[in-house]
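Observations on chain architecture
Residues per chain, in single letters:
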Amino acid sequence: MNIIISSTSGEPIYAQIVVQFRQMILQGELSSGMPLPSIRQLAKELQISVITTKRAYEELEREGLINSVVGKGSFVSGADTEYIREQRLRLLEGRLKEIIEESRQLGMEYAELADMLKLLCEEDA
């Protein structure tokens with residue numbers, strides 16, 4: 001498993017794991033039914049706490065991306081990736097609405113917000 005953890009990132013370690021597994025699943029790198037490393041094994045590989053890995057797996061399970069079976073392990077779920085993508089788009093829309101509201105409170109115009117978004121997108125490209 002090629003999970004990369006950044007200690008300088010402001011993002012919690014469990015969230016970094018979730019993001020990377022989510023990306024691998026949605027891009028088809030991990031397909032339905034594939035086993036994931038055990039919680040203990042992944043924690044050992046990443047040199048992190050078992051509790052952190054467990055929290056990441058619980059989040060992935062909550063999102064419907066993996067299924068955990070006691071005594072057998074965790075596996076990529078057979079959930080429809082389009083449905084999962086749609087759910088994530090709904091979450092993104094909610095966060096964008098919060099950003100729009102914040103920009104209004106700052107007195108920003110639409111064009112200014114759009115320019116800021118464009119600039120940030122170009123930085124990451």
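Focus: the overall build of the chain
- Counting its secondary structure elements, the chain contains five helices and two strands.
- Reading the chain from its N end, one meets helices and strands in the order α-α-α-β-β-α-α.
- For the chain, whose C-alpha radius of gyration is 18 Å, the value lies well above the compact-globule estimate of 14 Å for 125 residues.
- Viewed in the frame of its principal axes, the chain has a C-alpha envelope of about 55 × 35 × 25 Å.
- The 125 residues of the chain split such that 24% are buried.
- Intrachain contacts of the chain at a sequence separation of at least 6 include 44% that bridge at least 24 residues.
- Accessible surface, the chain: about 9,100 Å² in total, of which carbon and sulfur atoms supply 53%.
- Charge-centre separation for the chain: the mean point of 14 positive side chains lies 9 Å from the mean point of 20 negative side chains.

Description of the layout of surface pockets
- Estimated volume of the largest pocket: approximately 540 Å³.
- Lining the largest pocket are 19 residues, with R22, E63, R88, L91 and R95 sitting closest to its centre.
- Those elements that place two or more of their residues in the lining of the largest pocket are α1 (13-26), α3 (50-62) and α4 (81-105).
- At nine residues, the largest contribution of residues to the lining of the largest pocket is made by α4.
- Here the second largest pocket is characterised by a volume of approximately 310 Å³.
- Every residue lining the second largest pocket is counted, 13 residues in all, and those nearest its centre are I99, I100, S103, L113 and A114.
- Breaking the lining of the second largest pocket down by element, the ones donating at least two residues are α4 and α5 (110-124).
- The element that contributes the greatest number of residues to the lining of the second largest pocket is α5, accounting for six residues.

Quick notes on a nonpolar patch on the surface
- A cluster of nonpolar side chains, L92, L96, I99 and I100, forms an exposed patch at the surface whose accessible area comes to about 310 Å².
- For I99, the position within the fold is in helix α4.

Section: the packing of aromatic side chains
- Tallied over the full model, the rule gives one aromatic pair.
- Residues F21 and Y57 carry aromatic rings whose centres are separated by 6.0 Å and whose planes lie at 85° to one another, so their mutual orientation is edge-to-face. Taken together, the residues F21 in helix α1 and Y57 in helix α3 connect sequence positions 36 residues apart.
- Its relative accessible area of 2% is what places Y57 among the buried residues.

Structural notes on α3
- With 13 residues, α3 should reach 18 Å at 1.5 Å per residue; the first-to-last C-alpha distance of 18 Å fits that figure.
- Considered for burial, the residues of α3 that qualify are T53, A56, Y57 and L60. On an axial view of α3, the arc spanned by its buried residues comes to 95°, and they lie on one face. Exposed positions of α3 whose direction lies more than 90 degrees from the buried face are I51 and R62.

Analysis parameters
- Residues numbered from 1 in each chain as written.
- Predicted model: local features only at pLDDT ≥ 70, side-chain atom pairs only at ≥ 80, totals over all residues.
- Heavy atoms only, no water.
- Helix = DSSP H or I, 4+ residues; strand = E, 2+ residues; numbered from the N terminus.
- Rg over C-alpha atoms; globule rule 2.2 N^0.38 Å.
- Buried < 20%, exposed > 50% of the residue type's maximum accessible area, 1.4 Å probe, protein only.
- Contact = heavy atoms within 4.5 Å.
- Areas by Shrake-Rupley, 256 points an atom, 1.4 Å probe, with all protein chains shown as cover.
- Lys, Arg positive; Asp, Glu negative; His and termini not counted.
- Charge placed at Lys NZ, Arg CZ, Asp CG, Glu CD.
- 1 Å grid on protein atoms, 1.4 Å probe; cavity = no way out; pocket = protein on both sides within 12 Å on 5 of 7 lines; lining within 4 Å.
- Points joined across faces, edges and corners; volume = space filled by probe spheres on them.
- Patch = residues over 30% accessible without salt bridge, like charges linked within 9 Å, V, L, I, M, F, W, Y side chains within 5 Å.
- Salt bridge = Lys/Arg side-chain N within 4 Å of Asp/Glu carboxyl O.
- Phe/Tyr/Trp six-rings, centres within 6.5 Å; stacked < 30°, edge-to-face > 60°.
- Expected span 1.5 Å × (residues − 1).
- Arc of directions from axis to C-beta.

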